[in-house]
Amino acid sequence: MTPIPPGDDEMTERLLESLRLSEAKFSGIISIASEAIISVDESQSIVLFNQGAEQIFGYLADEVMGKPLDVLLPEEYHHTHREEVREFGRSPVMARRMGDRDTHIMGRRKNGEIFPAEASISKQEIGGHWLFTAVLRDISERKRIEKENAELLERAQDAARTRDDVLRIVSHDLGNSLSGILVTTRVLLRTLPETPGNRDTRKRIESIRHLTEQMQRLRQDLLDVARIEAGHLSIVAERHEPEALVDSVFDDFEALAQESGLKLLREVDPHLPQVVVDRERILQVFSNLVTNAIKFTPVGGAVTLGAHRVDGVVRFSVSDEGSGIPPEDLPHIFDRYWQAKSANRAGAGLGLAIAKGLVEAQGGSIEVASAVNEGSAFSFSLPAAPE
């Protein structure tokens, strides 16, 4: 920092003396500050220019000392900035931010480059005259990152909108086609005589029906994921008895468990409080969890449905005696489209992600505990309804 040479003007002498005292007291802090620290007198001539200012503006202190502050500003800002400093000098406020709350000021480097900045200004009265000091920060890099992030966000939003539009169109048309195929296969199976000669034909029709139902489920999964992400998931919440929800799932899956050579068990605490939930959505969560449990449990094993009261919530659970989940896979188990390397890749990896979204949309949480070769326990907790 190099102050301008002392002149004959008494005001300048006093300002310089004040600067010398301040510099002696705070020279270490001022000189190493990364922000630009610039002081001007009442005529808005530069009387202090620290190293931070040299780095930001590209001038050496000797090149700007005594020159008007305009040298550091774009020409179109000269008049506005001068008036702003004069108005600040007349106001009772001793320090404030420059520019509006949501805007920034502009600086001009020695090479002519214009850059955005944030600055605060303070004033000090010396012998009836004002000394103005501004602390300025170059925010070019921050603005560049903000612009890039805004562009990325806009592109991502455009992509999401395009995806949703395509999904809606494809889902509608695909849904109509799949429904037509399902109706046709049911009619064929109902009308085709069950004779030895038709056995292979019926088998092929059953296969077509089964594959079509899989496609319908995948279509619905994609729609559910899109609705969850967009926050458009429809929830119709009512009071329900936890035991009744578990019983409904038990009735739906008991036959499938038996066909798979498994035992389906239930463990429900007595006198559980009601939960306020969308019944169909909660049964959808159960369906995803129970289907997985049956799929991964070997013949002779058991799948257990549970409902228990834990710390003011009702915790529902689905436990199996399957192969378990490796520890490295557990952090990803609820990720969309993710599947374990050892898993049956028949689905799209959306079931657990949808279950998580459905539970969280109703104010609950979902988690998993698992050990390799011992089985897995998925549980989701829902707030108890007020009495």
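A quick note: this is a predicted structure, and the numbers were derived from the prediction, not measured. (Residues numbered from 1 in each chain as written. Predicted model: local features only at pLDDT ≥ 70, side-chain atom pairs only at ≥ 80, totals over all residues. Heavy atoms only, no water.)

Re unusual backbone geometry
- Although it is not a glycine, Gln 44 sits at a positive phi angle of roughly 65 degrees.
- Mapped onto the secondary structure, Gln 44 falls in the loop between strand S1 (36-40) and strand S2 (46-49).
- Under the relative-accessibility criterion, Gln 44 is labelled buried at 2%. (Helix = DSSP H or I, 4+ residues; strand = E, 2+ residues; numbered from the N terminus. Buried < 20%, exposed > 50% of the residue type's maximum accessible area, 1.4 Å probe, protein only.)

Some details on the nonpolar core
- Of all hydrophobic cores here, the largest spans 41 residues; its most connected members are Phe 286, Val 290, Leu 305, Phe 316, Val 318, Phe 380 and Leu 382.
- Going through the elements one at a time, helix H7 (242-259), strand S8 (263-268), strand S9 (275-277), helix H8 (279-296), strand S10 (302-310), strand S11 (313-319), helix H9 (351-360) and strand S13 (375-383) are the ones with two or more residues in this core.
- Examining the composition of this core, we find that eight residues originate from one element, H8, more than from any other.
- If we ignore the near neighbours within four places in the chain, the residues touching Phe 286 are Val 246, Val 249, Phe 316, Ser 317, Val 318 and Phe 380.
- If you look at the next biggest cluster of nonpolar residues, it comprises 26 residues, including Tyr 59, Val 85, Phe 88 and Phe 132. (Core = buried A, V, L, I, M, F, W, Y, C linked by side-chain atoms within 4.5 Å. Contact = heavy atoms within 4.5 Å.)

Side note on the sheet that holds strand S12 (residues 365-371)
- Taking strand neighbours across the sheet as the criterion, the five strands line up as S8-S10-S11-S13-S12 in an open arrangement whose pairing is mixed. Where the open sheet ends on each side, the last strands, each with one partner, are S8 and S12. Taking the axes of each pair of neighbouring strands and ignoring which way they run, one obtains an average angle of 15 degrees across the sheet.
- Summarising the sheet, S10 and S11 pair through seven bridges and their orientation is antiparallel. If you follow Ala 307 over to S11, its bridge partner there is Phe 316.
- Its contacts with the sheet place H7 against S8, S10 and S11, and it is angled at close to 175 degrees to S8. (Pairing = 2+ DSSP bridges. Axes fitted to C-alpha atoms, helices over the stretch in contact; angles between N-to-C directions.)

A short note on the packing of H8 against H9
- Interhelical geometry of H8 versus H9 gives an angle of 150 degrees and a closest axis separation of 9 Å. Accordingly, the angle class assigned to the pair H8 and H9 is roughly antiparallel. The hand of the H8/H9 crossing is left-handed. Counting all contacts with H8, which are made through Arg 281, Gln 284, Val 285, Asn 288, Leu 289 and Asn 292, the residues of H9 involved are Gly 351, Leu 352, Ile 354, Ala 355, Leu 358 and Val 359.
- Considered class by class, the residues forming the contact of H8 with H9 number seven nonpolar, four polar and one charged. (Parallel < 35°, antiparallel > 145°, perpendicular 65-115°, else oblique. Left-handed = near helix turned anticlockwise from the far one by under 90°. Nonpolar A, V, L, I, M, F, W, Y, C, P; charged D, E, K, R; others polar.)

Examining helix H4 (residues 78-90)
- With 13 residues, H4 should reach 18 Å at 1.5 Å per residue; the first-to-last C-alpha distance of 19 Å fits that figure.
- Burial in H4 covers these residues: His 78, His 81, Arg 82, Glu 84, Val 85, Phe 88 and Gly 89. Buried residues of H4, viewed axially, fall in a sector of 160 degrees; they line one side. Of the exposed residues in H4, those oriented more than 90 degrees away from the buried face are His 79, Glu 87 and Arg 90. (Expected span 1.5 Å × (residues − 1). Arc of directions from axis to C-beta.)

Focus on the pairing of S12
- The pairing of S12 with S13 spans seven bridges and is classified as antiparallel. Each bridged residue has a counterpart across the sheet, and for Val 368 the counterpart in S13 is Phe 378.
- Here S12 folds back onto S13 in antiparallel fashion, the turn holding three residues, of which Asn 373 has a positive phi close to 70 degrees.

What to know about the pattern of salt bridges
- Inspection of every chain in the model, using the stated rule, returns 20 salt bridges.
- Note that Arg 137 and Glu 35 form a salt bridge whose closest N and O atoms lie 3.3 Å from each other. One end of the pair, Arg 137, is in strand S6 (residues 129-138); the other, Glu 35, is in the loop between helix H1 (10-32) and S1, and 102 residues separate them in sequence.
- The partly exposed category is assigned to Arg 137, whose relative accessible area is 40%.
- As a salt-bridge pair, Arg 97 and Glu 118 come within 3.8 Å of each other at their nearest N and O atoms. (Salt bridge = Lys/Arg side-chain N within 4 Å of Asp/Glu carboxyl O.)

With respect to empty space enclosed by the protein
- Under the defined criterion, the tally for this structure stands at two cavities of 30 Å³ or more.
- Considering only enclosed or pocket space, the largest cavity measures out at about 180 Å³ in volume.
- Lining the largest cavity are 18 residues, with Ile 38, Leu 69, His 81, Ala 134 and Leu 136 positioned closest to its centre.
- When contributions to the lining of the largest cavity are tallied by element, the ones reaching two or more residues are S1, H4, strand S4 (105-108), strand S5 (114-126) and S6.
- Considering every element that reaches the lining of the largest cavity, the biggest residue donor is S6, with four residues.
- Across the lining of the largest cavity, the residue classes break down as 15 nonpolar, three polar and no charged. (1 Å grid on protein atoms, 1.4 Å probe; cavity = no way out; pocket = protein on both sides within 12 Å on 5 of 7 lines; lining within 4 Å. Points joined across faces, edges and corners; volume = space filled by probe spheres on them.)

Regarding the environment of Leu 178
- Tracing the backbone through its elements, the reader meets Leu 178 in helix H5 (residues 140-191).
- Along the chain, Leu 178 and Gln 216 lie 38 residues apart, while their C-alpha atoms are 6.8 Å from each other.
- Residues within four places of Leu 178 in sequence aside, it is in contact with Thr 212, Met 215 and Gln 216.

As for the pairing of S4
- Here S4 pairs with S5 via four bridges, running antiparallel. If you follow Met 106 over to S5, its bridge partner there is Pro 116.
- What sits between the antiparallel neighbours S4 and S5 is a turn of five residues, in which Gly 112 has the positive phi angle 90 degrees.

Re the packing of helix H6 (residues 199-230) against H9
- Contact geometry of H6 with H9 gives a least axis separation of 10 Å together with a crossing angle of 40 degrees. The angle between H6 and H9 falls in the class oblique. The chirality of how H6 crosses H9 is left-handed. Counted together, Asp 221, Asp 224, Val 225 and Ile 228 of H6 and Ile 354, Gly 357 and Leu 358 of H9 form the full contact between these two elements.
- Here the residues of the contact of H6 with H9 are counted per class, giving four nonpolar, one polar and two charged.

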